[in-house]
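Inside the fold
Given next are the chains, with one letter for each unit.
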Amino acid sequence: MTATDIWMLIAGLGLFLYGMFHLEESMKQMEGRSFKLFLQKNTKNKFKAILSGTIVTGVLQSSSIVNLMVLSFVGAGILSMRNAIAVVLGANIGGTFNSWLVALLGFKVELNNITLPLIGIAGICLIVFKQKKLIDQIALFCMGLGMLFLGLQFMKQSMDAMMIQFDFSPYLSYPRFVFLLIGLIITSIVQTSSATVVVVLTALYAHVIPIETAIAVVLGAELGTTVKLILGAIGGNAAKKRVALGNSLFNVFTSAAGFIFIEPIIQLITNTFLIKDPILVLVAFQTFINLAGVLLMYFFLNNYGNFLENQFKENKKSVLQYLQNASIEVPSTITDMMSKEIGLYIERVIRFNLTCFHIKPNWLINSEFELDYQSQYAKNEAIELPNQYQYLKETEGEILAYYSKVISQMKQSDEIIRINKLIEALRNAMYSAKGMKDVYQDKTEFSNSINEVKYEMYHQFQAELSEFYKVLYESFVNKEMSNGLDSITLLLEKNKTDFDERINHFYFHVGQNVLKEKDISTLFNLNRELYSSCKAIALAVKDYKNKSE
């Protein structure tokens, strides 16, 4: 056994995984509305749910995509836990389709007859027809299939060479449990049982290991997918943890039963189903334990679903900091707490907007909300901006939901007027954040551009925004609520003046022919969005500060 043989095996595995990746990518467009509608319409009872999970996983060649769809349906209340688990159980059966594909084609057909034409034609089509969406998807699928088979061919050749040069027999005396652990570890590392199964099939084809050992490794691979599910559920919501627990318990049960009854099941497959080829016996064994497990679980799905529903109980934690302390019996507390809640929200939006333009000033201090922000939200600055924006939307939604519940019960007109003004400030702040989120990609393009004019424009935007927010923040943090309103009015006027001056400046550069047509359009859109965002946040601070209206 030479280093070349080992590297050929590793290269084959890499090509196989890369091919699987392309197969998945080519099917992701189909994963959208059509498959979601299919699942939604065909999961009304547990039998259809299992069948749907099997079919969709078999077509998509990825149980993870199906699991994501199931999780979204459970979270939205479209699927009950019982039917969600039924779909996931069906996905376990569908996951064996790939094993059958490899076993029936990869070891029964001369691979060179299909692999090279697939890769050659698909590669040409990917370049020549990249603008044709349908052809591009088909070519990507064929490329993935070709790479998968090419990787399989590499692994077969390396295994044949290893079999001649290396004696594996001393290692086969180890207990089967050791091989089960090997399958579990490999699958946990490569994050797909398909890779483990194809390596085992290749070893079986080369007569490196007996069928019992091969089955033990594959059973370990089934448990390895459970490790991936558990890791994926850590930190997730209760529904995600329940689905992961349901699938994990199923895999542990079927793998344990399969491991205990290896010989009887092999005898059943070879004597009753008359399957003699070890490669097909292995795949049939994998399919059998999943089918038998699903059939047995079918009659207990209602109880199983109820059991899972009672796990991971979670109390929905409010994202609000102050309003949960308000009382409808004392209307003034609602107004006070609403004022504090929206003040903190404006603080968050200001910091979000500055972060969007990579502005890190030293004047973000002295706010009454600074301590709450640092303790509750500063950690969010480390996550991606789209997620930060989603947190802002979630908070706005909770405030508006609270508002809709209490406003009809309030009687004092002055309190109602003040709360309505605060809600207007909330909506303006959210609109400001949305504007910044929408221009983030355009801003990034300008900040990374080698075009000096575009790069200069970015720094002009950055400097003007920094000055704008410095003045705004000074007004915002002023302890006297009414103080700073005049400066906000002046700031709004300056924002409009800067907007107009930038337009004139842009037209000058357009006349110099230093910008492409697309860049010109982007620049004007960026200017408009920033003007609107600044105006909205200034109005939000003005409404928040103004008690007189």
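Residue positions are given per chain, counting from 1 as you read along its sequence in written order. The predicted origin of the model limits local features to residues at a pLDDT of at least 70 and limits the giving and counting of side-chain atom pairs to 80 or more, whereas totals for whole chains, interfaces and linings rest on all residues. Side-chain descriptors were evaluated using all non-hydrogen atoms of the structure, hydrogens and water having been removed beforehand.

What follows deals with the environment of serine 52. Position of serine 52 relative to the elements: it lies in helix H3 (residues 46-60). Residues serine 52 and valine 66 lie 14 residues apart in sequence; the distance between their C-alpha atoms is 9.9 Å. Secondary structure elements are defined from DSSP: runs of H or I of at least 4 residues count as helices, runs of E of at least 2 residues count as strands, and each element is numbered from the N terminus.

Angles shown run from 0 to 180 degrees and are taken between the N-to-C directions of axes, each axis being a line fitted to C-alpha atoms and, for helices, limited to the stretch in contact. Following both chains from N to C, one finds helix H20 (residues 440-447) and helix H21 (residues 452-477) inclined at 125°, their axes separated by 7 Å at the closest point. Regarding the angle of H20 to H21, the classification is oblique. Residue-level contacts link Lys443, Glu445, Phe446 and Ser447 of H20 to Lys454, Tyr455, Met457 and Tyr458 of H21. For the contact of H20 with H21, a count of residues per class yields 4 nonpolar, 1 polar and 3 charged. Our angle categories are set so that under 35 degrees counts as roughly parallel, over 145 as roughly antiparallel, 65 to 115 as roughly perpendicular, and the remainder as oblique. Contacts were defined at the residue level, with two residues in contact if any of their heavy atoms lie within 4.5 Å. Gly is placed with the polar residues, together with every amino acid not listed as nonpolar (Ala, Val, Leu, Ile, Met, Phe, Trp, Tyr, Cys and Pro) or charged (Asp, Glu, Lys and Arg).

Attention shifts here to the side chain of arginine 502. Within the secondary structure, arginine 502 is located in helix H22 (residues 485-511). Whether a residue is buried, partly exposed or exposed follows from its accessible area with a 1.4 Å probe, protein chains only, as a fraction of its type maximum: under 20%, in between, or over 50%, in that order. On the basis of relative accessible area, arginine 502 is assigned to the buried category, the value being 6%. Leaving out residues up to four positions away in the same chain, arginine 502 has contacts with Gln460, Phe461, Glu464 and Asn527.

This paragraph deals with the state of the cysteines. In protein structure, a disulfide is the covalent linkage between the sulfur atoms of two cysteines. In plain terms, two cysteine sulfur atoms within 2.5 Å form what is called a disulfide here. A full pass over the atoms with the stated rule returns 0 disulfides. For cysteine 142, which is in no disulfide, the shortest distance to another cysteine sulfur is to cysteine 125 and amounts to 8.1 Å. A residue is classified by how much of its surface remains accessible, and cysteine 142, at 22% relative accessible area, is partly exposed.

Another aspect to go through is the packing of aromatic side chains. Within 6.5 Å between ring centres, the rings of Phe, Tyr and Trp (the latter by its six-membered ring) count as paired, and their orientation is classed by plane angle as stacked under 30 degrees, edge-to-face over 60, tilted in between. The tally for this structure, following the rule as stated, stands at 9 aromatic pairs. Geometrically, the ring pair formed by phenylalanine 357 and tyrosine 458 is stacked, given 6.0 Å between the ring centres and 15° between the ring planes. Here the residue phenylalanine 357 occupies a position in the loop between helix H16 (331-356) and helix H17 (370-376), and tyrosine 458 occupies one in helix H21, the gap between them amounting to 101 residues. When the ring of phenylalanine 476 is compared with that of tyrosine 544, the centres are 5.7 Å apart and the planes differ by 45°; the resulting orientation is tilted.

As a further point, take the environment of glycine 120. By the secondary structure assignment, glycine 120 is in helix H7 (residues 112-128). Judged by its relative accessible area of 34%, glycine 120 falls in the partly exposed class. C-alpha separation for the pair glycine 120 and methionine 143, spaced 23 residues apart in sequence, amounts to 8.3 Å.

A general feature of soluble globular proteins is that nonpolar side chains tend to end up buried together. To qualify as a nonpolar core, a set must consist of buried Ala, Val, Leu, Ile, Met, Phe, Trp, Tyr and Cys residues joined through side-chain atoms within 4.5 Å. In terms of nonpolar packing, the biggest core is built from 68 residues, with Met338, Ile346, Tyr469 and Ile537 touching the most fellow members. Considering each element in turn, this core owes the most residues, 12 residues, to H16. Each residue touching tyrosine 469, except ones within four places of it in the same chain, is listed here: Ile350, Asn353, Leu354, Trp363, Ser432, Met436, Ser533, Cys534 and Ile537. Counting 42 residues, the second largest nonpolar core, distinct from the first, contains Leu180, Leu219, Ile266 and Ile289.

Here we come to the pattern of salt bridges. We count a salt bridge whenever a side-chain nitrogen from Lys or Arg sits within 4 Å of a carboxyl oxygen from Asp or Glu. Here the structure, examined in full by the defined rule, presents 13 salt bridges. Across the salt bridge formed by lysine 437 and aspartate 438, the nearest N and O atoms sit 3.0 Å from each other. Judged by its relative accessible area of 31%, lysine 437 is partly exposed. Since its relative accessible area comes to 33%, aspartate 438 is described here as partly exposed. Glutamate 464 is paired through a salt bridge with arginine 502; the nearest N and O atoms lie 2.3 Å apart. Within this pair, whereas glutamate 464 is found in helix H21, its partner arginine 502 is found in helix H22, the two being separated by 38 residues in sequence. What you see here is one network of salt bridges that share partners, running through Lys421, Glu424 and Asp543.

This part is about unusual backbone geometry. What is expected of a backbone is that most residues other than glycine have negative phi and most peptide bonds are trans. One non-glycine residue, histidine 207, lies in the positive phi region at around 60°. Summarising the element assignment, histidine 207 is placed in the loop between helix H10 (193-205) and helix H11 (211-233). Classification of histidine 207 as exposed rests on a relative accessible area of 62%.

On to empty space enclosed by the protein, then. Put simply, the grid is 1 Å and covers the protein atoms alone, a cavity is a trapped set of points that fit a 1.4 Å probe, a pocket is an open set with protein on both sides within 12 Å along at least five of seven lines, and lining residues have an atom within 4 Å of a point. Grid points are joined across faces, edges and corners, and a volume is the space filled by probe spheres set on the points. Throughout the structure, instances matching the rule amount to 2 cavities of 30 Å³ or more. Here the second largest cavity is characterised by a volume of approximately 30 Å³. Every residue lining the second largest cavity is listed: Ile215, Val218, Leu219, Glu222, Leu282, Phe285, Gln286 and Ile289. At the level of elements, H11 and helix H14 (278-298) are the ones that each hand at least two residues to the lining of the second largest cavity. Classifying every residue of the lining of the second largest cavity gives 6 nonpolar, 1 polar and 1 charged.

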